[in-house]
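Reading the structure
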There are 2 protein chains.
Amino acid sequence: MLPELKIQPLRCVLAIVDEGGFHAAARQLHRTQPAVSMAVRELEQRLGEPLFEKGGKAALTPFGRYCLPRFRELITQHDRLSRELWAQVQKQAGHVDMAAVPSVASRLMPRLLSDFILRYPDLRVSLHDGSADFVRRLVAGGEVELGITSLWREDDELSFMPLMRDDVGVVCRDDHPLAERAELGWEALQGQVLIRNGTSRLLEGTEAEPLLAESAFDISNMISLTAMLVAGIGITTLPRLAFPQEYERLRFIPLVDPMVERELGLLRPGKRSLSPAAQAMEAFVIESLRAQAFAIP
Amino acid sequence: MLPELKIQPLRCVLAIVDEGGFHAAARQLHRTQPAVSMAVRELEQRLGEPLFEKGGKAALTPFGRYCLPRFRELITQHDRLSRELWAQVQKQAGHVDMAAVPSVASRLMPRLLSDFILRYPDLRVSLHDGSADFVRRLVAGGEVELGITSLWREDDELSFMPLMRDDVGVVCRDDHPLAERAELGWEALQGQVLIRNGTSRLLEGTEAEPLLAESAFDISNMISLTAMLVAGIGITTLPRLAFPQEYERLRFIPLVDPMVERELGLLRPGKRSLSPAAQAMEAFVIESLRAQAFAIP
DNA sequence: ATCCTATGATCAGCTTTTCTTACCATTAGG
DNA sequence: CCTAATGGTAAGAAAAGCTGATCATAGGAT
C-alpha cells in the first residue's frame, strides 16, 4: 500500500527546484525536458498529490514544499551510501585482516606492508601472527581473510597457493664444531644436543626424522629458542627464513642430505570470496612474493 | 560515475538473507525466482562486486556482509519517508494554519473545529483571528492557507467562496428607546449616538452611509465596544453573527431599510494549491457552513 | 550407487516503464 | 503582434523488469 519511491524522480524534483525550471533541470540531469515532466507526473500520481503548481511556472505546492527537504535527505543518504560502497570496490577504503607465520611476519611483511600502503594509501591492514596452525584456524574461521603460512594439512575449505620455497638448515653458535661447515647431512647431527621447535615437524617423514627422538628440549617460543642457542646449550633446525640473522653469533648451515623445504604461500578461504580490500592484498602478496628470491615459479 | 542504487534490488538482497534463499525471497516479494536472481545480478554488476557467493547456496560475500546493514538502513529511511508522506496525503497527519474574522472564530469555529478533529483526529489546526483585512493579508502572504472572512476587495491572487449571509442590525442596551422595535430603518438612527466599529464600513455605499459621518466614536476592539454599549453610551451596528449574545442587556434589532448584508465565506489562495490537511479543512468548512442557517445556497 | 528434490542460473519473449522526438498551449517581453 | 521562453502532450523507440520453461548442480534418501 505504501508507495515505492525511486531515487531518480526525487532527483528530478530537487533539480527543478534548484535550477528553477524543468528545462534547466533536464539539462543538469542529461535528460530531455519531457522526461523530467513525466517523471514528476508519475511521482505525483504515485503519491496521490501534486508537487508542483499547474500554472506554467515551476512552483512547489505546499505539499511539495513539505516533501522537498525530505526528498533531499533521502537522496543525501543514498549518495553517501553509494559513495561509500564505491570507495570499497575501488579500494579507496576498506580493511584487510590477515595473519602470517612469525618468520614471514617479521622478515617479509614489514617491507611488503609498507609497499602495500604506498600503493593503496586508504586501506587499513591488521596483521596477526602465530603458528602455521593458528594461521590456518584464523583463515578457516573467517577471523582473517588471508594467511601467509606453510601448509601441512590439506583442507578443501581452504585454498593454498605456494609462493616461496624455504629450505631447512641447522642453527648453532659460531663456536660450535659444525659452525664452519658449508652444508650438512643429517648423520652429522647425531649425538648433538638438538632443540626441537615449532618447525621441527618439517623433518617428519624424512631420513632425518630419527633425530627428533633424540632431542632434549622442545621450545616453541622464538625468543627462548634463540636465547638457548646463543647460550650454546644446543643446536636446532630452522627454515632459512626463520633464522634470526640479527644474532651475530648464530650460524645457519643448510641441511642437504635430506634436503628439507617448506613451501610458504597464501592461504585463503576456498570458495568464499574476499572483500575488495582483501582482493587487493591477495594480488599484491602474490605479485610481491613471486618477485622474491626462492619464489616458486 | 557513482552507481545509482534502486530500492527494489536492495529489498531483494534483504529478503534473500532474511528468508534464507532466492525462492523464499521471491515468494515474500511476490515475484518469481528469476526476477530476484536478475535483480541481484544487475545490482552486483552495477556495484562491480558480487554480493552472494556463486556456489549454489545463498551466502553473502564479505562485501555482501559489509553492504547488508547499509542496505537495510537506506531501506528503513525510505520506508519511513514513504509512510510519512502517505500519512500526509491520507490526512492521518498534518497541520492546517487558518484564520477567521473574530465573530466567526468565536461563534462558529469552536463547534466546527471540534467536529473537525472528530473527523480527522490526527490533524492539527492553528486558528488565528483578526480583522477581515488581517485575514486577507495572512492568506495572501501564505502565512495561513485558509481564511473565513467577508471579502470586500477582489483579488485575483485569492479566491473567495461565499458561504453565509450575515445581516446587519442595530445593537443597543435593553433600555434604549429603540430596544423594543422589531426592525429599524436608517432614519430611526438619526440623532442617535452612533459608535463606529470595524464592521461599519458595510454601510458604505448604502442609504445609511450618512449615519457614519455623524458617529462620535470609532471603536475597533470588540471588548471595548461592548463595554460602551453596556454602559449605554451609544448604539452601534453589527452583523448578526458579531452580536455578542452573551450580554443580556444588549439587543439586536435588524436593520431593514437598507437591508445590509455581508457575505462570509472561505478565502483561499487563488491558483496555488493547498496542503492535504488544508484541503480536508476546506472541504469540511464548506460542508459545515453550507449546512448552517443563513447559508448561501 | 541412483534417484529425487531442492537450490540458483539462464534464456526467449512479453509487459511495463522510461526516454526521445516532434508538436502544442500559454505566457512574458520587445 | 511577434518572438522566445515556459511546460504539457502524444507516438514511437529503447530499456528495464518480469515470467515460464528449462538447465546444471548438490545434498539426501533409498
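Just above sits the structure.
Keep in mind that what you see is a predicted model, and the values were worked out from it rather than measured.

What counts and what doesn't
- Residues numbered from 1 in each chain as written.
- Chains lettered and ligands numbered in written order.
- Predicted model: local features only at pLDDT ≥ 70, side-chain atom pairs only at ≥ 80, totals over all residues.
- Heavy atoms only, no water.
- Helix = DSSP H or I, 4+ residues; strand = E, 2+ residues; numbered from the N terminus.
- Rg over C-alpha atoms; globule rule 2.2 N^0.38 Å.
- Buried < 20%, exposed > 50% of the residue type's maximum accessible area, 1.4 Å probe, protein only.
- Contact = heavy atoms within 4.5 Å.
- Areas by Shrake-Rupley, 256 points an atom, 1.4 Å probe, with all protein chains shown as cover.
- Lys, Arg positive; Asp, Glu negative; His and termini not counted.
- Charge placed at Lys NZ, Arg CZ, Asp CG, Glu CD.
- Pairing = 2+ DSSP bridges.
- Core = buried A, V, L, I, M, F, W, Y, C linked by side-chain atoms within 4.5 Å.
- 1 Å grid on protein atoms, 1.4 Å probe; cavity = no way out; pocket = protein on both sides within 12 Å on 5 of 7 lines; lining within 4 Å.
- Points joined across faces, edges and corners; volume = space filled by probe spheres on them.
- Nonpolar A, V, L, I, M, F, W, Y, C, P; charged D, E, K, R; others polar.
- Domains from an automatic or database assignment.
- Near = heavy atom within 4 Å.
- Polar contact = N/O pair within 3.5 Å; in protein donor to acceptor, adjacent residues only side chain to side chain.

So, about the overall build of chain A. Within chain A one finds 10 helices and 9 strands. The C-alpha atoms of chain A give 32 Å as radius of gyration, which overshoots the globular expectation for 297 residues (19 Å, by more than 25%). Each of the three principal axes of chain A carries a C-alpha extent, and together these read 105 × 35 × 35 Å. For chain A, with 297 residues in total, the buried portion stands at 50%. A separation threshold of at least 6 residues defines the contact pool for chain A, and within that pool the share at least 24 residues apart is 70%. Put simply, chain A shows about 14400 Å² of open surface, and 52% of that area lies on carbon and sulfur atoms. Across chain A, the mean location of the 34 positive side-chain charges is 11 Å away from that of the 40 negative side-chain charges.

Residue and element names in this part refer to chain B. Note that strand S1 (residues 95–100) and strand S2 (residues 124–129) share 6 bridges and pair parallel. Across the sheet, the residue bridging to Asp97 is Ser126, located in S2. Sheet topology places S1 next to strand S3 (residues 146–150); 3 bridges connect them, and they run parallel. Bridged to Ala99 within S3 is Gly147.

In this section: the nonpolar core. Counting 54 residues, the largest nonpolar core has A:Leu51, A:Phe71, B:Leu51 and B:Phe71 as the members making the most contacts within it. When contributions to this core are tallied by element, the ones reaching two or more residues are helix H1 (7–19), helix H2 (22–29), helix H3 (33–47) and helix H4 (62–89) of chain A together with helix H1 (7–19), helix H2 (22–29), helix H3 (33–47) and helix H4 (62–89) of chain B. If we ignore the near neighbours within four places in the chain, the residues touching B:Phe71 are A:Leu81, A:Leu85, B:Leu10, B:Val13, B:Leu14, B:Leu43, B:Leu47 and B:Leu51.

Quick look at the layout of surface pockets now. What the largest pocket holds in volume is close to 730 Å³. Lining the largest pocket are 32 residues; nearest its centre among them are A:Pro102, A:Ser103, A:Thr199, A:Ser220 and A:Met222. Within the residue set of the lining of the largest pocket, elements represented by two or more residues are helix H5 (102–107), helix H7 (132–140) and helix H9 (222–230) of chain A. Looking at side-chain class alone, the lining of the largest pocket contains 15 nonpolar, 12 polar and 5 charged residues. Residue contributions to the lining of the largest pocket reach at least three from each of two domains, namely domain 2 (95–163 + 262–290) and domain 3 (167–261) of chain A. In this structure, the second largest pocket spans a volume of roughly 630 Å³. Elements with a minimum of two residues in the lining of the second largest pocket: helix H5 (102–107), helix H7 (132–140), helix H9 (222–230) and strand S7 (235–239) of chain B. For the lining of the second largest pocket, a count of residues per class yields 16 nonpolar, 11 polar and 5 charged. Three or more residues apiece are contributed to the lining of the second largest pocket by two domains, here domain 2 (95–164 + 262–290) and domain 3 (166–261) of chain B.

Contacts to DNA strand C come from 16 residues, most closely from A:Lys6, B:Gly21, B:Phe22, B:His23 and B:Ser37. Put simply, 61% of the atoms of DNA strand C that lie within 4 Å of the protein are in sugar or phosphate. The separation between a phosphate oxygen of DNA strand C and a polar main-chain atom of B:Phe22 is 2.6 Å. Note that a phosphate oxygen of DNA strand C is positioned 2.8 Å from one of the side-chain N or O atoms of B:His23. Among the secondary structure elements, those contributing two or more residues to the surface near DNA strand C are H3 of chain A together with H2 and H3 of chain B. For the surface near DNA strand C, a count of residues per class yields 6 nonpolar, 6 polar and 4 charged.

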